[in-house]
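Inside the fold
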Amino acid sequence: MAEIFYDDDADLSIIQGKKVAIVGYGSQGHAHAQNLRDSGVEVVIALKDGSKSTAKAQEDGFEVKNVADAAEWADLIMILAPDQHQRSIFADSIKDKLTEGKTLAFAHGFNIRFGYIDAPEGVDVILVAPKAPGHTVRREYVAGRGIPDIIAVERDASGSAWNTALSYAKAIGGTRAGVIKTTFTEETETDLFGEQAVLCGGMSHLVQAGFETLTEAGYQPQIAYFEVLHELKLIVDLMWEGGIAKQRWSISDTAEYGDYVSGPRVISPDVKESMKAVLADIQSGAFAERFIADQDKGAPEFLELREKEQGHPIEATGKELRGLFAWKQQDSDYVEGSAAR
């Protein structure tokens, strides 16, 4: 059974007694920084010289330092830059400032799990990962609620790294909802698998395949769009609220029966075998190596794939349809900011 911690399990004074540098001011960065500040924590924003985020952070009332100065000043450095940039930021501006007793923190374990960052001895290495986009983390905190976090400790040099992680989670609102104990390896591997096999890769390609199947059979693309993409949010919302069981309880008997008899024809044992192969590539580091190697070359494969997918016919159909609606289709809870984690 997972270990779950709440407000009473965490001591806020621990993080209140530390100076915290937030590296990055994107989706997660702004939320962590503002929630920490509202919890009585001294925070500065660490950005590269000339960063476009500097003005925004200053407008929000934060002192901005370059990364090296912030890392030298801080007791805890939370790195919230994109995964592919963390390695160079760490090597160029953070590593030499990590004196004994400091804490290096992450909201995703990618660079630690795959060895792209190796913290010096004597430094605590922790993970505090809210399971929502940053704007939702901030909104829920302001509303007096919180977003569930997962926390981990890779190195407990001080003997109190777990207490620090819990205190940080409390300061950003996580313990209001519940914080689950994990490891860097478990967080990283399950997060990448969920994104690739289900949430992003699996879902988007399932939708595309459904759209293609209907349009190739002669059905109107606008109708196909409604049936395989537009209504997806309704189904996901029901699953989010009460699991797959609530979704099945809420739909028609016809839809529920079709779920049982046709779902296994689409998500067949072969699909699960493919998922196992995806997981194996994640566990072995093959995916990480492919991603980082491509990024180091300027991301040619990434950009080529992005352009190809943006050209899928479902995108043009959706853009046209959404422009014709009598109401503006918008739900900020489901649109993540530009700088994840």
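Before reading further, recall that the structure is shown in the block above.
What counts, and where the lines are drawn
Residues numbered from 1 in each chain as written. Predicted model: local features only at pLDDT ≥ 70, side-chain atom pairs only at ≥ 80, totals over all residues. Heavy atoms only, no water. Phe/Tyr/Trp six-rings, centres within 6.5 Å; stacked < 30°, edge-to-face > 60°. Helix = DSSP H or I, 4+ residues; strand = E, 2+ residues; numbered from the N terminus. Buried < 20%, exposed > 50% of the residue type's maximum accessible area, 1.4 Å probe, protein only. Patch = residues over 30% accessible without salt bridge, like charges linked within 9 Å, V, L, I, M, F, W, Y side chains within 5 Å. Areas by Shrake-Rupley, 256 points an atom, 1.4 Å probe, with all protein chains shown as cover. Salt bridge = Lys/Arg side-chain N within 4 Å of Asp/Glu carboxyl O. Pairing = 2+ DSSP bridges. Contact = heavy atoms within 4.5 Å. Axes fitted to C-alpha atoms, helices over the stretch in contact; angles between N-to-C directions. Polar contact = N/O pair within 3.5 Å; in protein donor to acceptor, adjacent residues only side chain to side chain. Right-handed = clockwise from strand over helix to strand, strands pointing away. Parallel < 35°, antiparallel > 145°, perpendicular 65-115°, else oblique. Nonpolar A, V, L, I, M, F, W, Y, C, P; charged D, E, K, R; others polar.

**Some points on the packing of aromatic side chains**
Overall, the coordinates contain eight aromatic pairs when judged by the stated rule. Ring plane angle 65° and centroid distance 5.9 Å describe the contact between Y25 and F62, whose orientation is recorded as edge-to-face. Here Y25 is found in the loop between β2 (19-23) and α2 (27-38), whereas its partner F62 is found in the loop between α3 (54-59) and β4 (63-65), with 37 residues between them in sequence. Owing to a relative accessible area of 7%, Y25 belongs among the buried residues under this scheme.

**Structural notes on a nonpolar patch on the surface**
On the surface, I4, Y6 and I180 cluster together into a nonpolar patch covering about 240 Å² of accessible area. Tracing the backbone through its elements, the reader meets I180 in strand β9 (residues 179-181). I180 gets classed as partly exposed once you look at its relative accessible area, which sits at 33%.

**Structural notes on the sheet that holds β2**
On the basis of which strands lie adjacent, the open sheet formed by nine strands has the order β1-β9-β8-β7-β6-β5-β2-β3-β4 and mixed pairing. Two strands in the sheet have a free side with no partner beyond their single neighbour: β1 (4-5) and β4. When β2 meets strand β3 (residues 42-46), the two strands line up parallel, connected through five bridges. Each residue of the ladder has a partner; that of K19, found in β3, is E42. Packed onto the sheet, helix α8 (residues 161-171) meets β1, β2, β5 (76-79), β6 (103-106), β7 (124-130), β8 (149-155) and β9 and runs at close to 155° relative to β8.

**Quick notes on the environment of G173**
With respect to the secondary-structure elements, G173 resides in the loop between α8 and α9 (174-177). Separated by 138 residues in sequence, G173 and N35 have C-alpha atoms that sit 7.4 Å apart. G173 has contacts with Y141, R145, G146 and I147, leaving out every residue within four places of it along the chain.

**Quick word on the pattern of salt bridges**
The full count for this structure, using the stated rule, is 17 salt bridges. Here K56 makes a salt bridge to D60, at a shortest N to O gap of 2.7 Å. With a shortest N-O distance of 3.6 Å, K131 and D191 are connected by a salt bridge. In this pair, K131 sits in the loop between β7 and α7 (134-142) while D191 sits in helix α10 (residues 184-199), placing the two residues 60 residues apart along the sequence. You can call K131 partly exposed: its relative accessible area is 45%. Judged by its relative accessible area of 11%, D191 is buried. When salt bridges with common partners are traced through the structure, they connect D118, E121 and R155 into a single cluster.

**Description of the side chain of N35**
Relative to the elements of secondary structure, N35 occurs in helix α2. Note on N35: relative accessible area 0%, which makes it buried. Among the polar contacts listed, one links the side chain of N35 to the backbone oxygen of I172, at a separation of 3.1 Å. Apart from residues no more than four positions distant in its own chain, N35 is found in contact with V137, R138, Y141, A171 and I172.

**As for the pairing of β3**
In the case of a regular strand, side chains alternate between the two sheet surfaces. Most of β3 sits inside the fold, with four of its five residues counted as buried. Between β2 and its parallel partner β3, the chain crosses via α2, and the hand of that crossover is right-handed. In terms of handedness, the path from β3 via α3 over to β4 forms a crossover that is right-handed.

**Describing unusual backbone geometry**
The phi dihedral of A299 falls on the positive side, at around 65°, and the residue is not glycine. The topology assignment puts A299 in the loop between α16 (286-296) and α17 (300-310).

**Here we look at the packing of α16 against α17**
Between α16 and α17, the least distance of the axes is 7 Å, while the angle of their chain directions is 95°. The angle between the axes of α16 and α17 places the two elements in the roughly perpendicular class. For the pair formed by α16 and α17, the contact residues are R290, D294 and Q295 on the first element and P300, E301 and F302 on the second. Tallied by class, the residues present in the contact of α16 with α17 amount to two nonpolar, one polar and three charged.

The values are spatial; any link to function lies outside them.
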